[in-house]
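# Analysis of the macromolecular model
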Amino acid sequence: MTDRQPVALSEDEIAAVRSWVIHEDAHVIAFSKPSGLSSQGGRIKAHTLDDLLWAFARSNGKRPELVHRLDRDTSGVILAAKTKPAASFLGKALQMRRFRKQYLALLSAAPEPKAATIDAPLRREEIGRESYMRVVAFDAPGAQGSQSRYRTLAAGPEGAVVELEPLTGRMHQLRVHMAHIGRPLIGDVRYGGALTTPVGPAPRLMLHAAKLSFPHPEGGTTTVEAPPPEDFATLRTALGL
């Protein structure tokens with residue numbers, strides 16, 4: 001799968017990444033990624049999920065390859081291919097928008113209307129060493145067409161929980177689109193989300209990749225789900241949602 005040098009992992013790291021596996025077959029392996037772990041790259045020196053995939057290296061030195069990414073602070077389902085043909089198949093399926101991703105997010109207030117599709121082009125901008133996405137006019141230089149769907153699942157005086165579905169795959173897309181309609185995600189420092197709630201501080205960006213459906217290399221559609229982690233579930237309950 002890759003010719004990069006193997007990464008030396010501790011026993012604890014190997015045990016951790018193995019504990020995150022939520023689906024595995026001959027072609028793919030899916031994980032429930034914890035918040036705070038980078039998918040790939042990043043400037044933080046700690047190992048990324050991509051590095052941790054060396055825990056699944058085969059005797060021929062090949063190892064799984066991530067098919068897509070999640071933001072570092074987003075938790076939930078992320079998929080890796082175990083073979084080169086699977087990686088090629090899934091990469092093409094992703095380009096053809098054959099993946100269906102569903103997220104859960106906590107907001108400070110319910111959006112209006114309760115459900116809608118957001119169609120707002122985005123452009124990547126560099127500010128210092130950080131990359132941001134901005135909503136721009138459709139004919140602006142560098143504009144990328146971007147669509148997201150949202151649906152309010154529960155709302156109360158303290159906040160709301162929404163289901164989000166990106167119809168395109170831009171960086172930070174869901175976060176920027178929700179901020180664009182005046183409903184940034186709780187804990188989203190970068191895009192104006194509240195860092196505290198009526199029941200206490202936000203532990204992190206409150207975004208969780210709950211479900212992923214994708215065409216399987218052997219045919220048919222496979223759906224993988226990851227229940228929200230404890231920090232997300234606890235805050236949701238505390239907010240009465």
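One numbering rule holds for all chains: residues counted from 1, following each sequence as written. Given that the model is predicted, a residue must reach a pLDDT of at least 70 before its local features are reported, and side-chain atom pairs must reach 80 or more before they are shown or counted; all residues, however, enter totals for whole chains, interfaces and linings. Heavy atoms throughout the structure, all of them, feed into the side-chain values; hydrogens and water do not.

### Side note on unusual backbone geometry
Put simply, the test is: Strands here are runs of E lasting at least two residues and helices are runs of H or I lasting at least four, both read from the DSSP assignment and numbered beginning at the N terminus. Residue exposure (1.4 Å probe, protein chains only): buried if accessible area is under 20% of the type maximum, exposed if over 50%, otherwise partly exposed.
Glu112 connects to Pro113 through a cis peptide bond whose omega is -5°. Within the fold, Pro113 resides in the loop between β5 (100-107) and β6 (115-119). A positive phi angle, near 60°, is found at Arg97, a position not held by glycine. The residue Arg97 is located in the loop between α3 (84-95) and β5 in this model. Judged by its relative accessible area of 52%, Arg97 is exposed. Positioned with a positive phi, His172 is a non-glycine residue whose angle comes to about 60°. Of note, His172 is situated in the loop between β10 (159-166) and α4 (173-180). Judged by its relative accessible area of 10%, His172 falls in the buried class.

### Quick look at the nonpolar core
In plain terms, the rule: The term nonpolar core refers to a set of buried residues drawn from Ala, Val, Leu, Ile, Met, Phe, Trp, Tyr and Cys, joined through side-chain atoms within 4.5 Å. In this analysis, two residues are considered to be in contact whenever any of their non-hydrogen atoms come within 4.5 Å of each other.
Within the largest apolar cluster, 30 residues are counted, with the highest numbers of intra-cluster contacts made by Val17, Phe31 and Leu164. Counting only elements with at least two residues in this core, the list comes to β2 (28-33), α2 (49-52), β4 (75-81), β5, β10, α4 and β13 (207-215). Excluding residues that lie within four positions of it along the chain, Val17 makes contacts with Phe31, Leu49, Leu52, Ala55 and Phe56.

### Digging into the packing of aromatic side chains
Worth spelling out the cut-off: The rule is short: rings of Phe, Tyr and Trp, with Trp giving its six-membered ring, pair when the centres are within 6.5 Å, and they are stacked under 30 degrees, edge-to-face over 60, tilted in between. When the NZ atom of lysine or the CZ atom of arginine is within 6 Å of a ring's centre and also within 35 degrees of its normal, the charge is said to sit over that ring.
If you walk through the whole model with that rule in mind, you get three aromatic pairs. With a centroid separation of 5.6 Å and an interplanar angle of 65°, the aromatic rings of Phe31 and Phe56 are classed as edge-to-face. With Phe31 in strand β2 and Phe56 in the loop between α2 and β3 (65-66), this residue pair connects regions lying 25 residues apart in the sequence. Where Tyr132 meets Tyr191, the ring centres are 6.1 Å apart and the plane angle is 85°; that geometry is what we call edge-to-face. With Tyr132 in strand β8 (residues 130-135) and Tyr191 in the loop between α4 and β11 (196-197), this pair connects stretches of sequence that are 59 residues apart. By relative accessible area, which is 18% here, Tyr132 ends up buried. Judged by its relative accessible area of 10%, Tyr191 is buried. Residue placement shows Arg18 over the ring face of Phe56; its charged tip is 4.9 Å from the ring centre. Directly above the ring of Tyr132 sits Arg190, whose terminal nitrogen or CZ lies 4.7 Å from the centroid.

Any functional reading would require information beyond the geometric quantities listed.
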